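# Reading the structure
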Amino acid sequence: MRRWIMHVDMDAFFASVEQLDHPEYKGHPVIVGGLSSRGVVATASYEARKFGVHSAMPISRAKKLCPHGIYVYPNMVRYKEISQIIHKVMEEFTPIIEPLSLDEAFLDVTGITHKFTGPKALGRAIKDRVFEETGLIISAGLAPNKFLAKLASDLDKPDGLVVIPYGKECESLANLPIKRIWGVGPSTERRLKDGGFSIIKDIQVLPDESALVPYVGNQARRVWELARGIDERPVETDRQIQSVGNEETYEHDVEDPAAIDLELHYFANRVAKRLRKYGLMGHTVSIKVRYKDFKTVSRQKRLDSSTDQERVIYDTSVLLWNKLMRDALSTKQEEREVMGATPRPKFDNSILEVPVKPIRLLGVTVSGLSTEGIVQDDLFSIGADEKDEKLSTVLDSLSSKFGEGAIMSGALWRRAHGDGGERRKRSELKAEIDLDN
């Protein structure tokens, strides 16, 4: 039996939902995203894309390109509601579904194409059902594997429906640019072009992957196979979340250690709650820092035992922050000592280190996730862990019953009210988008 995979992608999903809910927006450029001067575009309608606006673009840039656009703050509750309706429509056709985000999924439709006049008719049926239930348009691609199906869904947007049939894999790929190969980003594309590979056909003619090794290293085999339309990955119905994190790009650069401490408290709280919500624990905590000059650095630490507790995540984040700042300061000090300056100072482990430069972005992430924690070997910490778990259970219950702001620590209260709550709102939005993607 021939394997058929379908990739479904909602067209400009967030913006399309806004146009659906606000008919007066139809036909106008709609940009959904953070509305502060340092906000980022989450989705732009096709009308906005004509002006050069696209996802991940700074809002400030979008407003210069499209000053008369309709700028909307995301309504994640509504987007999730529509996404669930679309998922139920997919289940009418197959139970083998791999959600990639709120607006994107793979479907294994092997064995059901015979119920229609062919793969294209099946794709049309699913598109029609989604439109009937939601009033929204999807683009779809059907092919023998996931790579080709995802590629096909993107070839004729918006409202696309493309089928790559068996036996036409190489032919369908041959004249496409190499950046169409899954995982080939700008830097890899530049390296491949330096090696004389501009279109996918340039790779297809190679007898094996050896000529690609100097340019893509241990990814050579994967790139060579994808260029020939080979992809054996299954549709995974139980796809595991790989990490849970929060990060924030600040309206004004942050330099005050007390303010950074509040941010780390907040991120630890949000990440811990989301871990518990999904029954997950993680063994690796990492922090991400982007300075005013856009240089981005990170540090991570693997814990002795997996956790979903705010205290552990916060304490580890502080440890990583201090290490990061001390490493940066030590590098600067070593440079100064070479020039005859005074020796580096001693550090106080009890306080948060002052940032070496103004901070533009800060984030905390927990990874190495599983549904079961590693057994704690330190007998002296068991009592504290049990107290934390009981307290977390009570606080989660109260938050669920009375809302997030019903009860909070002093640090969270100070952060929430220190700037009118704007930082809190933006972080919660970013958390929801990250988790669902």
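Scroll up for the structure.
Residues numbered from 1 in each chain as written. Predicted model: local features only at pLDDT ≥ 70, side-chain atom pairs only at ≥ 80, totals over all residues. Heavy atoms only, no water.

### Brief notes about the sheet that holds strand S11 (residues 296-307)
Taken in spatial order, the four strands line up as S9-S12-S10-S11 in an open sheet, and their pairing is antiparallel. Whereas interior strands pair on both sides, the edge strands pair on one side only; in this sheet they are strand S9 (243-254) and S11. Put simply, the sheet's adjacent strands are angled 10° from each other on average, direction ignored. Examined bridge by bridge, strand S10 (residues 281-291) and S11 share eight bridges and lie antiparallel to one another. For Ser286, the partnering residue across the bridge sits in S11 and is Gln300. (Pairing = 2+ DSSP bridges. Helix = DSSP H or I, 4+ residues; strand = E, 2+ residues; numbered from the N terminus. Axes fitted to C-alpha atoms, helices over the stretch in contact; angles between N-to-C directions.)

### Section: the environment of Phe147
You can see Phe147 is positioned in helix H6 (residues 146-153). Overall, Phe147 belongs to the buried group, its relative accessible area being 2%. With 80 residues separating them along the chain, Phe147 and Ala227 place their C-alpha atoms 9.9 Å apart. Contacts of Phe147, omitting those with residues within four sequence positions, involve Leu173, Arg180, Ile181, Trp182, Leu226, Asp231 and Arg233. (Buried < 20%, exposed > 50% of the residue type's maximum accessible area, 1.4 Å probe, protein only. Contact = heavy atoms within 4.5 Å.)

### A closer look at unusual backbone geometry
In this structure, the amide linkage connecting Lys157 to the following residue, Pro158, adopts the cis form with an omega of -10°. Here Pro158 is to be found in the loop between H6 and strand S8 (161-163). For Asp159, which is not glycine, the phi dihedral falls at a positive 60°. Tracing the backbone through its elements, the reader meets Asp159 in the loop between H6 and S8. Classification of Asp159 as partly exposed rests on a relative accessible area of 39%.

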